Amino acid sequence: MAENFNMVAKTLYGFEDILEKELTQLGAMHVKKGVRVVEFVGDLGFMYKANLALRTAIKILKPIKTFRVNSEKDLYDNIKNMPWENYLKPTGSLAVDATIHSDLFTHSLFIAQKTKDAIVDRFRDKTGQRPNVDLKFPDLKINVRIDRKECTISLDSSGESLHKRGYKLATNIAPINEVLAAGLIMLSGWDGQSDFMDPMCGSGTIPIEAAMIACNIPPNLMRKEFAFERWQDWDVDLFEKIEESLLKKTRDFHHQIIGYDKAPSAVRKAQENVANAQLDDFITIKHEDFFKTQKGGQEKLHMVFNPPYGERLDIDMEKLYSNIGDTLKQNYPGTDAWFITSNLDALKHVGLRPSRKIQLYNAKLESRLVKYVMYEGSKKGKYMK
């Protein structure tokens, strides 16, 4: 029997419930939700599966030791006493990152440096050799978390953030993070049973994530590398078996996913990314100005988009949001429209009452995911649910 161990999946604020559900459906044990994290238990194969298949996780950490710290010496001694030779060769390379929530320790870079010193000193004392630091492609990536006086040392199984799926060849101004895009679509309740539209699609992230959700395609199949591939217990046969079993669970999709953008450069980038993700069969990207479009056909439409915030783009936000409201009301009956914004003042100019508002963060910006229900055949303001 493969040995089970504790793991922690990190996520964005507001996505904890979805990630908990994803982990449960994937088969994780002892799933427990926190703030921006979900803890769970699984074996080595499940760790591979979690990295490949979770849409709303940013990282999968494997905690290997927890201890109390009252001083720098406590930290150094505890880390130096750990059997690092079980995880790393003396000639290998490492990188350390630290997150600190403590009055005692305030500088994360200092904690990362102290951790690295302790590990290197252990190897030097035992073998006369020392591992190197490699911040880009280390053999072992170590995460140190200090919460008040409790220190947890974890191995980072993911490496680069899991939002870097590997399908993006090109981006445009202010691209949306892939984990954020997937989370918005999942929070919107889209299940692949209707047409889907992103009317301001930029480099195509939302349509691509929507297609992968609809077809149940694991989001991280195209990644070049996970950190665990450099671990001493890396099992390539097991990994390939997990990959194969996930691919057998993909499903057909019988509706349309459409992306519009009014910038020709964005349309080109989105088309490149869709092609690279091998999703051309499911996604159509068109050069259109949303405000000059209308819904085709009578079928229900599910819309998710990320309008400009005015953070990096010079735009009349009040007019933009007023146009969004008018276009939805006049041209998109039978549509559930969801969008995220951090411009809470501009939101008042949409001129429609949202049926739902969910608090999220886009990077460090406090945001709202809002839902507007446009009823079929009504243009008199009967757009509330």
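Residues numbered from 1 in each chain as written. Predicted model: local features only at pLDDT ≥ 70, side-chain atom pairs only at ≥ 80, totals over all residues. Heavy atoms only, no water.

Q: Teacher, can you tell me more about the sheet that holds strand β5 (residues 93–101) here?
A: Two orientations exist for strands paired in a sheet by backbone hydrogen bonds: parallel and antiparallel. Pairing is mixed across the open sheet formed by eight strands, whose spatial order is β2-β3-β1-β4-β8-β7-β5-β6. Looking at strand neighbours, the two that pair on one side only are β2 (29–33) and β6 (132–133), the edges of this open sheet. Strand direction decides the pairing type here: strand β4 (residues 59–68) and strand β8 (residues 150–156), joined by seven bridges, are antiparallel. Bridging across to β8, K65 finds its partner in I153. Against the sheet, helix α3 (residues 72–80) makes contact with β4, β7 (140–147) and β8, and its axis sits at roughly 115° relative to β4, the strand it touches most. (Pairing = 2+ DSSP bridges. Helix = DSSP H or I, 4+ residues; strand = E, 2+ residues; numbered from the N terminus. Contact = heavy atoms within 4.5 Å. Axes fitted to C-alpha atoms, helices over the stretch in contact; angles between N-to-C directions.)

Q: What's the story with the packing of α3 against helix α4 (residues 108–127) in this structure? I'm lost.
A: Between two packed helices, the angle of one axis relative to the other and the distance separating the axes together describe the packing. For the pair α3 and α4, the least separation of the axes is 8 Å and the interaxial angle reads 40°. With respect to each other, α3 and α4 are oriented oblique. In the crossing of α3 with α4, the sense of the turn from one axis to the other is right-handed. Along the contact surface, α3 presents E72, L75, Y76, I79 and K80, while α4 presents F110, I111, K114, T115, D117, A118, I119, D121, R122 and D125. Looking at side-chain class alone, the contact of α3 with α4 contains seven nonpolar, one polar and seven charged residues. (Parallel < 35°, antiparallel > 145°, perpendicular 65-115°, else oblique. Left-handed = near helix turned anticlockwise from the far one by under 90°. Nonpolar A, V, L, I, M, F, W, Y, C, P; charged D, E, K, R; others polar.)

Q: Can you help me understand unusual backbone geometry in this one?
A: Glycine aside, a negative phi is what most residues show, and trans is what most peptide bonds show. The backbone phi angle of Q278 is positive, close to 60°, even though this residue is not glycine. Looking at the secondary structure, you find Q278 in the loop between α8 (264–276) and β11 (283–287). In this model, A363 sits at a positive phi of 55°, which is unusual for a non-glycine residue. With respect to the helices and strands, the residue A363 is situated in the loop between β14 (356–362) and β15 (365–374).

Q: Sorry if this is basic, but what is going on with the pairing of strand β10 (residues 257–261) here?
A: Residues in a regular strand project their side chains so that they alternate between the two faces of the sheet. Counting buried residues in β10 gives five out of five residues, a clear majority hidden from the surface. Alternating positions in β10 separate into two faces, I257, G259 and D261 on one and I258 and Y260 on the other, with burial throughout. In this sheet, β10 lies alongside strand β9 (residues 195–198) in parallel orientation, the contact comprising three bridges. Along β10, the bridge assignment pairs F196 with I257. Here β10 pairs with β11 via five bridges, running parallel. Residue pairing for β11: I257 is matched across the bridge by I283. In this view, the connection linking β10 to its parallel neighbour β11 by way of α8 has right-handed handedness. (Buried < 20%, exposed > 50% of the residue type's maximum accessible area, 1.4 Å probe, protein only. Right-handed = clockwise from strand over helix to strand, strands pointing away.)

Q: Sorry, what's going on with the side chain of H163 here?
A: With respect to the helices and strands, the residue H163 is situated in the loop between β8 and α5 (178–187). For H163, the residues in contact, after removing those within four places along its chain, are N177, E178 and V179.

Q: It is not clear to me how the pattern of salt bridges should be interpreted in this structure. Could you clarify?
A: A side chain with one charge may pair with a side chain of the opposite charge, provided their charged atoms come close. Inspection of every chain in the model, using the stated rule, returns 18 salt bridges. Between E209 and R165 there is a salt bridge; the shortest N-O distance is 3.1 Å. Here E209 is found in helix α6 (residues 205–214), whereas its partner R165 is found in the loop between β8 and α5, with 44 residues between them in sequence. R165 matches E209 in its accessibility class, with the two residues each being buried. The shortest N-O distance in the salt bridge between R368 and E366 comes to 3.0 Å. (Salt bridge = Lys/Arg side-chain N within 4 Å of Asp/Glu carboxyl O.)

None of this, on its own, says anything about what the molecule does.
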